[in-house]
Amino acid sequence: FKGSQGIDRAKIFSLLWGEYIYISAINNLKTTNNIIRNTLSKYNIVYKLGYKNGKYFLTLANYEFDYVKYLRYIERFNAESVLSEKINLMLDIVDMYGDGFAPELVNAEFKEMRATLKHNISFMLVEFIKLLKEKGRLIDANKFQISLARIDYQGKYRDMTRLD
């Protein structure tokens, strides 16, 4: 979703409340907007929650989203050439990823986004584990192998870390 363009109210209804009766979804949205306002104010987050042309938008002035921070760390990791720094960055990336982003959202679009993220971090770990093994950093490689096993609990990527 591109938040700067806003999200259509009907899309919000379908994502959050699925088959609710329209009036119930409207009431839920009003309640949710109040919860958002109260929560952001409680934590002194400067925001603008607006509605224009059938779309809601939320702008946060002094807050960094976990996902944006995660992407920024991946950029830093990819640009880094010093192996010890790459190790530290990857530890942070794995920690930020945790169990995936927004696991409580169960609709198909979010599931697909999470599956893509899971694939990306798993593949990134596979490539990094191979690099660590090539450089003789077996203890570090094993640490990340454990992280890969936690993220890729189905084992789709496990065999890809072998050096032949």
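Above this text is the structure in question.
Procedures and definitions
Residues numbered from 1 in each chain as written. Predicted model: local features only at pLDDT ≥ 70, side-chain atom pairs only at ≥ 80, totals over all residues. Heavy atoms only, no water. Patch = residues over 30% accessible without salt bridge, like charges linked within 9 Å, V, L, I, M, F, W, Y side chains within 5 Å. Areas by Shrake-Rupley, 256 points an atom, 1.4 Å probe, with all protein chains shown as cover. Salt bridge = Lys/Arg side-chain N within 4 Å of Asp/Glu carboxyl O. Helix = DSSP H or I, 4+ residues; strand = E, 2+ residues; numbered from the N terminus. Buried < 20%, exposed > 50% of the residue type's maximum accessible area, 1.4 Å probe, protein only. Phe/Tyr/Trp six-rings, centres within 6.5 Å; stacked < 30°, edge-to-face > 60°. Lys NZ or Arg CZ within 6 Å of the ring centre and 35° of its normal. Core = buried A, V, L, I, M, F, W, Y, C linked by side-chain atoms within 4.5 Å. Contact = heavy atoms within 4.5 Å.

Caption draft 1: How the structure looks around a nonpolar patch on the surface. Taken together, Phe65, Tyr67, Val68 and Leu71 make up a surface patch of nonpolar side chains, about 340 Å² in accessible area. With respect to the secondary-structure elements, Tyr67 resides in helix α3 (residues 66–79). Exposure remark for Tyr67: the relative accessible area of 36% places this residue in the partly exposed category.

Caption draft 2: Fine view of the packing of aromatic side chains. Enumeration according to the criterion identifies ten aromatic pairs in this entry. Note on Phe13 and Trp17: the rings are 6.3 Å apart at their centroids and 55° apart in plane angle, and the pair reads as tilted. Taken together, the residues Phe13 and Trp17, both in helix α1 (residues 9–17) and four residues apart, mark about one turn of the helix. The rings of Tyr67, Tyr70, Tyr97 and Phe101 are connected pair by pair, giving a single aromatic cluster. Here the guanidinium or amino end of Arg76 rests over the ring plane of Tyr73, the centre of that ring lying 4.9 Å away. Directly above the aromatic system of Phe77 lies the positively charged group of Lys86, at a separation of 4.0 Å from the ring centroid.

Caption draft 3: How the structure looks around the nonpolar core. Tyr70, Met90, Ile93, Leu125, Phe128 and Phe144 are the most contacted members of the largest nonpolar core, which totals 25 residues. Secondary-structure elements contributing two or more residues to this core are α3, α4 (83–97), α5 (108–134) and α6 (138–151). Here the element with the most residues in this core is α5; it accounts for eight residues. Not counting residues up to four positions away in its chain, the partners in contact with Ile93 are Tyr70, Tyr73, Ile74, Phe77, Ile121 and Met124. The next biggest cluster of nonpolar side chains, apart from the first, holds seven residues, and it includes Ile12, Phe13, Ile26 and Tyr56.

That's the geometry; what it means functionally is another story.
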